Amino acid sequence: MIFFTEADIDRIIEDDVPMGDMTSLMMDFSNQKGKIKLIARNPMVVCCSEEAERIYKIAGLTVAKYTPSGTFINPGDPIIEAEGSADAIHLIWRTGGAMIEFASGIATRTYNVITKAKQHNPKISLAGTRKHPPFLKKIALKGLLSGGGVPHRTGLSDTILIFKEHLEFKGGYENLPNTITQIKERQKERKIVVEAHTVEQALLATKAGADAIQFDKMPAEQFTESANQCKAINPEVCVIAAGGVNANNADEYAKAGADVLVTSWMYFGPPADVKAEINCI
């Protein structure tokens, strides 16, 4: 669950309506009532409908119903329905809709990739990186989770992930046994992940006691042999495919034996296509 504070919701509204809705003010919708309904134009996985409901309620609308995040819906299916003053409807019309479109685009892409990968490896996991657009972490992560993915890490505080850039200051891959031993002595609860760019680096990391090997940009056709060599040393080691993983090759890495696919691909793409119907009542 991704928790949006009241301050988060207020900020989403304020970002679009810093000083009120000038158009509605000039149109003078006094005492006029209406209803709004958001509808899917394409197959999609809904996301952030709960936050949209909160936005609608803050604006003073009465929400009749909404489709929960994580639900796969078809064209023509409703996402959220509400009614109230015309001023309130126009105030949050684009704000709530844009949030749902953006988040649902991420959720739908995540769903499509993991569904494709699981056809070849039912146990595979799809992890979204922290390379989401700045200031959109909560929305991006909710989209990822709603589509069936998991966070690779939500930030630097989450995990121990050693890159070659870290090892530049610790004696390189050759000194990994000492580096990993030192970390395990200090932090006994967390698993240690090491990024590898070659088979040799991956084998060094596995022998050194890494819990997971993250293969960076290794072609799928080479991944199987590399992963198998690591698992021959430690059958429990987790093998991760990262770097360039997307909808076009996720199934190849799944077939190649990856335990986890790590990607930021789902964050960058078109929003879901949502239609808004607004009527007087």
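So, how was this worked out
- Residues numbered from 1 in each chain as written.
- Predicted model: local features only at pLDDT ≥ 70, side-chain atom pairs only at ≥ 80, totals over all residues.
- Heavy atoms only, no water.
- Helix = DSSP H or I, 4+ residues; strand = E, 2+ residues; numbered from the N terminus.
- Buried < 20%, exposed > 50% of the residue type's maximum accessible area, 1.4 Å probe, protein only.
- Contact = heavy atoms within 4.5 Å.
- Areas by Shrake-Rupley, 256 points an atom, 1.4 Å probe, with all protein chains shown as cover.
- Pairing = 2+ DSSP bridges.
- Axes fitted to C-alpha atoms, helices over the stretch in contact; angles between N-to-C directions.

**Brief notes about the overall build of the chain**
Stage number 1. For the chain, the count of helices and strands is 10 helices and 13 strands.
Stage number 2. Over its C-alpha atoms, taken along the principal directions, the chain stretches across nearly 75 × 35 × 25 Å.
Stage number 3. Across the 281 residues that make up the chain, the buried fraction comes to 46%.
Stage number 4. In the chain, the share of contacts with a sequence separation of at least 24, taken over all contacts with a separation of at least 6, comes to 71%.
Stage number 5. For the chain, the accessible surface area stands at approximately 14500 Å², while carbon and sulfur atoms represent 53% of it.

**Quick word on the sheet that holds strand E3 (residues 62-66)**
Stage number 1. The sheet built from 4 strands is open, its strands ordered E3-E5-E1-E13 with antiparallel pairing. Edge positions in the open sheet fall to E3 and strand E13 (274-280), since each of these has one partner strand only. Each neighbouring strand pair of the sheet contributes to a mean axis angle of 15°, computed without reference to strand direction.
Stage number 2. In this sheet, strand E5 (residues 78-85) lies alongside strand E1 (residues 33-40) in antiparallel orientation, the contact comprising 7 bridges. Paired with Ile39 across the strands is Pro78, a residue of E5.
Stage number 3. Seen against the sheet, helix H4 (residues 86-118) touches E1, E5 and E13 and runs at an angle of roughly 10° to E1.

**A few points about the sheet that holds strand E6 (residues 125-128)**
Stage number 1. The 7 strands are arranged E7-E6-E12-E11-E10-E9-E8 in an open sheet whose pairing can be described as parallel. Edge positions in the open sheet fall to strand E7 (150-151) and strand E8 (160-162), since each of these has one partner strand only.
Stage number 2. Strands strand E9 (192-196) and strand E10 (212-216) of the sheet are contacted by helix H8 (residues 199-208), whose axis makes an angle of about 170° with E10.

**Here we look at helix H5 (residues 137-146)**
The α-helix advances 3.6 residues per turn, and as a result positions three or four apart in sequence lie on the same side.
Stage number 1. Where burial is concerned, most of H5 is hidden: 7 out of the 10 residues are buried.
Stage number 2. Gly148 sits one or two residues past H5 and shows a positive phi near 105°.

Any functional reading would require information that these geometric values do not contain.
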